[in-house]
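# Per-entry structural report
Spelled out, the chains give:
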Amino acid sequence: MSATQLARAAGTPDIWHQIFNFADYPQLLALVHNSLIAGAILGVVGGLISTFVMKRDLPFAAHGISELSFAGASGALLLGVNVVAGSLFGSVLAAVVIGALGNRARDRNSIIGVLMPFGLGLGVLFLALYKGRAANKFGLLTGQIVAVDTPQLSWLVVTSAIVLLGLALIWRPLSFASTDPELAAGRGVPVAALSTVFMLLLGLTVAMSVQVVGALLVLSIVCTPAAAAMRVTASPVLVTLLSVVFAVGSMVGGILLALGSSIPISPYVTTISFAIYLICRLVGAYRSRRGWASMSVEADPGPDPAVPPQPIAGIGH
């Protein structure tokens, strides 16, 4: 008798069937219609935001915003008001604080280091005071596959439209400022204002992500996709496209795999996201040995000071 049969005979569910169980899968699929739509939308928005998170070296900021988003959602849950609105409030508040006070990298990291434990502690306090279902508490941290109802989906669609419109309006100057902020400032690009606007857009994206993957694992959506894409291509256009594909694949694939299990959605999303990154890193390492350079944030040497800057059409004079 196999280990699985022994576990069933003893009345103990084996681990494999807790992780992957596709019984009654077609019937269950209808229950996550909203979640699949939300996952696809979030993948597109997260993939686009992810490119700038990596270019601007902001993964730590994204995680800090997620902690305040968790605190806002927990407070809303305690007060019995809209959890999405509470999550948005916490994210926007954190984004404004980080964007307004953290102009320099050292200042920004210090502020985030202060905000993160405060937000997490405040969220834990609110959840400890909340006397409702335990699943609601756990879902804010690790996500819930059926947590997206029609009103929440409407919030997500509207918020996504705002983020996409904002990115479309500032994409070109933000790309310039993210690549070389000193040169961009010298050309008259409002670097500080762009930084604040981007932090707000990042805050909105994080708030949406918390609703699906939970506060603790937001980086798998707003960081990992672009980090993986940068390992296999140096083209900004391809990095953006691959980042969106990786994010959508992680979100939708994670939801589909989690559908037949009793485990939260976040382990599936993060595992797929990490697997994509690992494959891209191996491909990038192989290609590097053959003389190809990836778009690595750490390895970017910046502009050559001996070469005078060339004017860029449409930006500055």
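Residues numbered from 1 in each chain as written. Predicted model: local features only at pLDDT ≥ 70, side-chain atom pairs only at ≥ 80, totals over all residues. Heavy atoms only, no water.

## Focus on the packing of helix H4 (residues 33–55) against helix H14 (residues 236–258)
Helix-helix packing: each pair is described by the crossing angle between the helix axes and the interaxial distance. Viewed as axis vectors pointing N to C, H4 and H14 meet at an angle of 145 degrees, and their least axial separation amounts to 7 Å. For the pair H4 and H14, the crossing hand works out as right-handed. Between H4, through Ser-35, Leu-36, Gly-39, Ala-40, Leu-42, Gly-43, Val-44, Gly-47, Leu-48, Ser-50, Thr-51 and Lys-55, and H14, the contact on the second element is made entirely by Pro-236, Val-239, Thr-240, Ser-243, Val-244, Ala-247, Val-248, Met-251, Val-252, Ile-255 and Leu-256. Residue classes in the contact of H4 with H14 are distributed as 14 nonpolar, eight polar and one charged. (Axes fitted to C-alpha atoms, helices over the stretch in contact; angles between N-to-C directions. Helix = DSSP H or I, 4+ residues; strand = E, 2+ residues; numbered from the N terminus. Left-handed = near helix turned anticlockwise from the far one by under 90°. Contact = heavy atoms within 4.5 Å. Nonpolar A, V, L, I, M, F, W, Y, C, P; charged D, E, K, R; others polar.)

## Examining the environment of Val-96
Relative to the helices and strands, Val-96 is located in helix H6 (residues 83–101). Judged by its relative accessible area of 38%, Val-96 is partly exposed. Spatially, the C-alpha atoms of Val-96 and Val-197 are 8.9 Å apart, while their sequence positions differ by 101 residues. (Buried < 20%, exposed > 50% of the residue type's maximum accessible area, 1.4 Å probe, protein only.)

## With respect to unusual backbone geometry
Even without glycine at this site, Asp-57 takes up a positive phi of about 55 degrees. Relative to the helices and strands, Asp-57 is located in the loop between H4 and helix H5 (59–79).

## Digging into a nonpolar patch on the surface
A cluster of nonpolar side chains, Leu-78, Leu-79, Val-81, Leu-125 and Leu-129, forms an exposed patch at the surface whose accessible area comes to about 460 Å². The set of elements that each furnish at least two residues to the nonpolar patch consists of H5 and helix H7 (105–129). Residue position: Val-81 is located in the loop between H5 and H6. (Patch = residues over 30% accessible without salt bridge, like charges linked within 9 Å, V, L, I, M, F, W, Y side chains within 5 Å. Areas by Shrake-Rupley, 256 points an atom, 1.4 Å probe, with all protein chains shown as cover. Salt bridge = Lys/Arg side-chain N within 4 Å of Asp/Glu carboxyl O.)

## Here's the deal with the packing of H4 against helix H9 (residues 150–179)
In contact at an axis separation of 10 Å, H4 and H9 are set at 20 degrees when each is read in the N-to-C sense. Relative to H9, H4 is oriented roughly parallel. For the pair H4 and H9, the crossing hand works out as left-handed. Within the contact between the two elements, H4 uses Asn-34, Ile-37, Ala-38, Ile-41, Val-45, Leu-48, Ile-49, Thr-51, Phe-52 and Lys-55 and H9 uses Thr-150, Leu-153, Leu-156, Val-157, Ser-160, Val-163, Leu-164, Leu-167, Trp-171, Leu-174, Ser-175 and Ser-178. Tallied by class, the residues present in the contact of H4 with H9 amount to 15 nonpolar, six polar and one charged. (Parallel < 35°, antiparallel > 145°, perpendicular 65-115°, else oblique.)

## Section: the side chain of Ser-243
Along the chain, Ser-243 turns up in helix H14. Excluding its chain neighbours within four sequence positions, the residues that come into contact with Ser-243 are Gly-47, Ser-50, Thr-51, Pro-225, Ala-226 and Ala-229.

## Focus on the side chain of Thr-233
By the secondary structure assignment, Thr-233 is in the loop between helix H13 (224–229) and H14. A polar contact of 3.1 Å, which involves the side chain of Thr-233, links it to the backbone nitrogen of Ser-235. (Polar contact = N/O pair within 3.5 Å; in protein donor to acceptor, adjacent residues only side chain to side chain.)

## A closer look at the nonpolar core
By size, the foremost hydrophobic cluster in this structure holds 63 residues, and its most contacted members are Ile-49, Ile-65, Val-163, Phe-198, Met-199 and Leu-202. The dominant element in this core, judged by the number of residues it contributes, is helix H11 (residues 191–213), at 12 residues. Filtering out sequence-adjacent residues up to four positions away, Phe-198 remains in contact with Ile-49, Phe-52, Val-53, Arg-56, Leu-58 and Leu-174. Core analysis: the second largest hydrophobic core is formed by 12 residues, Met-54, Ala-229, Val-239 and Phe-246 among them. (Core = buried A, V, L, I, M, F, W, Y, C linked by side-chain atoms within 4.5 Å.)

## Quick notes on the confidence of the model for the protein chain
Residues with a pLDDT of 70 or more make up 76% of the protein chain, whose mean pLDDT is 79. Here helix H1 (residues 3–9) stands out as the least confident element of the protein chain, with mean pLDDT 45; H13 is the most confident, with 94. Contacts of residues 1–12 to residues separated by more than four positions or lying in other chains number seven contacts, the stretch itself having pLDDT below 50. (pLDDT = per-residue confidence, 0-100.)

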